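Structural features, examined
Listed below, chain by chain, are the residues.
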Amino acid sequence: MGAKVGVLALQGDVREHVELLAELDAHTVLVRGPMDLAGIDAIVLPGGESTTISLLLDTAGLRAPLAERLAADLPAMGTCAGMILLAAEVLDGRADQGSFGVIDLSVRRNAFGRQVDSFEVDLAVAGLGPDPVPGVFIRAPIVERVGDDVEVLARVDGRPVACRQGPILVTSFHPELSGDVRLHDLFLKSCL
Ligand code: GLN
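Given the structure is predicted, the values throughout are model-derived calculations rather than measurements.

1. Looking at the overall build of the chain
Each helix and strand in the chain was counted, giving 6 helices and 12 strands. By the compact-globule yardstick of 16 Å for 192 residues, the chain fits well, its C-alpha radius of gyration being 15 Å. Dimensions of the chain, computed from the C-alpha atoms along their principal axes, are close to 40 × 40 × 35 Å. Excluding contacts between residues fewer than 6 apart, the proportion of contacts in the chain whose partners are at least 24 apart in sequence is 64%.

Shown next, in the form of structure tokens:
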């Protein structure tokens, strides 16, 4: 495929995303500052801690230039904390936490409970064939509202856990931790 895919590398499970993308033959770029955005064809926002990543976006001077690229339709995939950072509305966020608002979702942080309440479940994901996708949930956000233009690709107990709007794909679980490449593949194929 040979696409140049940025991985936001401020905090979180960056290495795991890089490894999955390498399996798909994508050329990855660690995005740590504004210069790293030059020439990328897509970006992945990893799981981690959205409040910390949000603060570091400001420290790194990345918030405005990344918002500008996203507004110009840069394809983006966000997992867990990454989903929170891409959502239109963040509930139970910290007051100083910002999000890019490029997918019309309202998400509530840590709504599946504390770290000990993390869980794993097999998921049926639209477009990924009959084999279940392992869903690893760690203090995951719950999607409380889905905008009209958002497609829900997977649900747990009726709640959306994988969603897409145009070039933006988000999951409240961590495909990068289960090592299943199919969601990253779907993202790259749908946008590049
Ligand atoms: N609870 C984290 C947050 O609010 C997300 C957890 C995760 O990415 N595993 O950012």
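2. Brief notes about the pattern of salt bridges
Pairing is possible between side chains that carry opposite charge, provided their charged atoms lie close to one another. The full count for this structure, using the stated rule, is 12 salt bridges. R109 is paired through a salt bridge with E49; the nearest N and O atoms lie 3.0 Å apart. Taken as a pair, R109 in the loop between strand 6 (103-108) and strand 7 (119-123) and E49 in the loop between strand 3 (42-45) and helix 2 (50-59) lie far apart in primary sequence, 60 residues in all. Overall, the relative accessible area of 18% leaves E49 in the buried class. Here the residues in one salt-bridge network are R15, E16 and E19, joined through shared partners.

3. Brief notes about the sheet that holds strand 5 (residues 87-91)
By way of backbone hydrogen bonds, the strands of a sheet pair with one another, either parallel or antiparallel. Taken in spatial order, the 3 strands of this open sheet run 5-6-9, and their pairing is mixed. Because the sheet does not close on itself, it has two edges, and the strands there are strand 5 and strand 9 (142-146). The average angle at which neighbouring strand axes cross in this sheet is 25°, direction not considered. As paired elements, strand 6 and strand 9 share 4 bridges and run antiparallel to each other.

4. Some points on the sheet that holds strand 12 (residues 168-171)
If you walk across this open sheet you meet the 7 strands as 2-1-3-4-12-11-10, and the pairing is mixed. Of all the strands in the sheet, the pair left with one neighbour each is strand 2 (27-31) and strand 10 (151-156). Neighbour-to-neighbour, the strand axes of this sheet turn through a mean angle of 20°, independent of strand direction. In this sheet, strand 12 lies alongside strand 11 (residues 159-165) in antiparallel orientation, the contact comprising 4 bridges. The residue bridging R164 from the neighbouring strand is L169, located in strand 12.

5. Concerning the site of the ligand
Taken together, G47, G48, E49, S50, C80, A81, I84, R109, N110, I138, R139 and H174 form the complete shell of residues around the ligand. In the model, an oxygen atom of the ligand is placed 2.7 Å from a nitrogen or oxygen of the R109 side chain. The backbone of R139 places a nitrogen or oxygen atom 3.1 Å from a nitrogen atom of the ligand. Coverage of the ligand by the protein amounts to 96% of the 290 Å² it exposes when considered alone.

6. A short note on unusual backbone geometry
Unlike most non-glycine residues, D92 shows phi in positive territory, near 60°. Tracing the chain through its elements places D92 in the loop between strand 5 and strand 6. Since its relative accessible area comes to 48%, D92 is described here as partly exposed. Of note, the phi angle at D157 is positive, near 50°, even though the residue is not glycine. Along the chain, the position of D157 falls in the loop between strand 10 and strand 11.

7. Focus: the packing of aromatic side chains
Scanning the entire structure with this criterion turns up 2 aromatic pairs. With centroids separated by 4.7 Å and ring planes inclined at 5°, the aromatic side chains of F119 and F137 adopt a geometry described as stacked. Separated by 18 residues along the polypeptide, F119 in strand 7 and F137 in strand 8 (residues 133-137) bring together distant segments of the chain. Exposure remark for F137: the relative accessible area of 1% places this residue in the buried category. For the pair F137 and F173, a centre-to-centre distance of 5.6 Å together with 50° between the ring planes defines the contact as tilted. Taken as a pair, F137 in strand 8 and F173 in the loop between strand 12 and helix 5 (175-178) lie far apart in primary sequence, 36 residues in all. The same class applies to F137 and to F173, which are both buried. Ring pairing ties together the aromatic residues F119, F137 and F173, which thus form one cluster.

Basis of the calculations
- Residues numbered from 1 in each chain as written.
- Predicted model: local features only at pLDDT ≥ 70, side-chain atom pairs only at ≥ 80, totals over all residues.
- Heavy atoms only, no water.
- Helix = DSSP H or I, 4+ residues; strand = E, 2+ residues; numbered from the N terminus.
- Rg over C-alpha atoms; globule rule 2.2 N^0.38 Å.
- Contact = heavy atoms within 4.5 Å.
- Salt bridge = Lys/Arg side-chain N within 4 Å of Asp/Glu carboxyl O.
- Buried < 20%, exposed > 50% of the residue type's maximum accessible area, 1.4 Å probe, protein only.
- Pairing = 2+ DSSP bridges.
- Axes fitted to C-alpha atoms, helices over the stretch in contact; angles between N-to-C directions.
- Near = heavy atom within 4 Å.
- Polar contact = N/O pair within 3.5 Å; in protein donor to acceptor, adjacent residues only side chain to side chain.
- Areas by Shrake-Rupley, 256 points an atom, 1.4 Å probe, with all protein chains shown as cover.
- Phe/Tyr/Trp six-rings, centres within 6.5 Å; stacked < 30°, edge-to-face > 60°.

Limitation: the analysis is restricted to geometry and does not speak to function.
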